[in-house]
Amino acid sequence: MNGTTRRYRDRSVLATHPAFRPCGDSSCPYPDKILPGADQAARLGQLVDRYEAWMIALDSYRLVLDNDDPTVPLGIALELPVLRRRLLREAALPERAEALLAALRDLLGLQP
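Residues numbered from 1 in each chain as written. Predicted model: local features only at pLDDT ≥ 70, side-chain atom pairs only at ≥ 80, totals over all residues. Heavy atoms only, no water.

Peer 1: Please explain the packing of aromatic side chains as it appears in this structure.
Peer 2: In the structure shown here, the tally under the stated rule is zero aromatic pairs. The ring of Trp54 is capped by Arg85, whose NZ or CZ atom sits 4.5 Å from the centre of that ring. (Phe/Tyr/Trp six-rings, centres within 6.5 Å; stacked < 30°, edge-to-face > 60°. Lys NZ or Arg CZ within 6 Å of the ring centre and 35° of its normal.)

Peer 1: Is there a simple way to think about the pattern of salt bridges in this case?
Peer 2: Side-chain pairing between opposite charges can occur once the charged atoms of the two side chains come close. Under the definition given, this model contains three salt bridges. Across the pair Arg50 and Glu52 runs a salt bridge, and its minimum N-O distance is 2.7 Å. Taking the relative accessible area as the measure of exposure, Arg50 reaches 42% and is therefore partly exposed. In this structure, the salt-bridge partner of Glu79 is Arg62, at a minimum N-O distance of 3.7 Å. Taken together, the positions of Glu79 in the loop between β5 (73-76) and β6 (84-89) and Arg62 in the loop between β3 (51-55) and β4 (63-65) put the pair 17 residues apart, joining distant regions of the chain. (Salt bridge = Lys/Arg side-chain N within 4 Å of Asp/Glu carboxyl O. Buried < 20%, exposed > 50% of the residue type's maximum accessible area, 1.4 Å probe, protein only. Helix = DSSP H or I, 4+ residues; strand = E, 2+ residues; numbered from the N terminus.)

Peer 1: What exactly am I supposed to notice about the side chain of Arg89 here?
Peer 2: Structurally, Arg89 is set in strand β6. Buried charge without a salt bridge: Arg89, with Asp49 as the nearest opposite-charge side chain at an N-O distance of 5.7 Å. Polar side-chain contacts of Arg89 include one of 3.0 Å to the backbone oxygen of Asp49. (Lys, Arg positive; Asp, Glu negative; His and termini not counted. Polar contact = N/O pair within 3.5 Å; in protein donor to acceptor, adjacent residues only side chain to side chain.)

Peer 1: I tried to follow helix α2 (residues 95-108) on my own but got confused; where do I start?
Peer 2: Here α2 is 14 residues long and its end C-alpha atoms lie 20 Å apart, about the 20 Å a rise of 1.5 Å per residue gives. Positioned one or two residues after α2, Gly109 has a phi angle of 70°, which is positive. (Expected span 1.5 Å × (residues − 1).)

What follows is the structure, given as structure tokens:
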């Protein structure tokens, strides 16, 4: 996603040999098709999400661990001071919502 795509892919990515040769070896690390994981499958064909970069001081990071298995980190705590936020990609709106938002901005004299 480079910021211009409005939707996630609607199918799996095809993987190929680096030299674009067919790989007939069963132990080949380049399978014919890479199947999406459960989290990726949920996004297939969906509108893209908002994506931000957050600058956080190193001493403010605190890992959040899984209650069932404390050896598994789930992410970082978000109740911390964020030094800087930078928008990398705005969320894509459904066409109807985007048209209504454009009409509202026009009525209010706001620039998109």
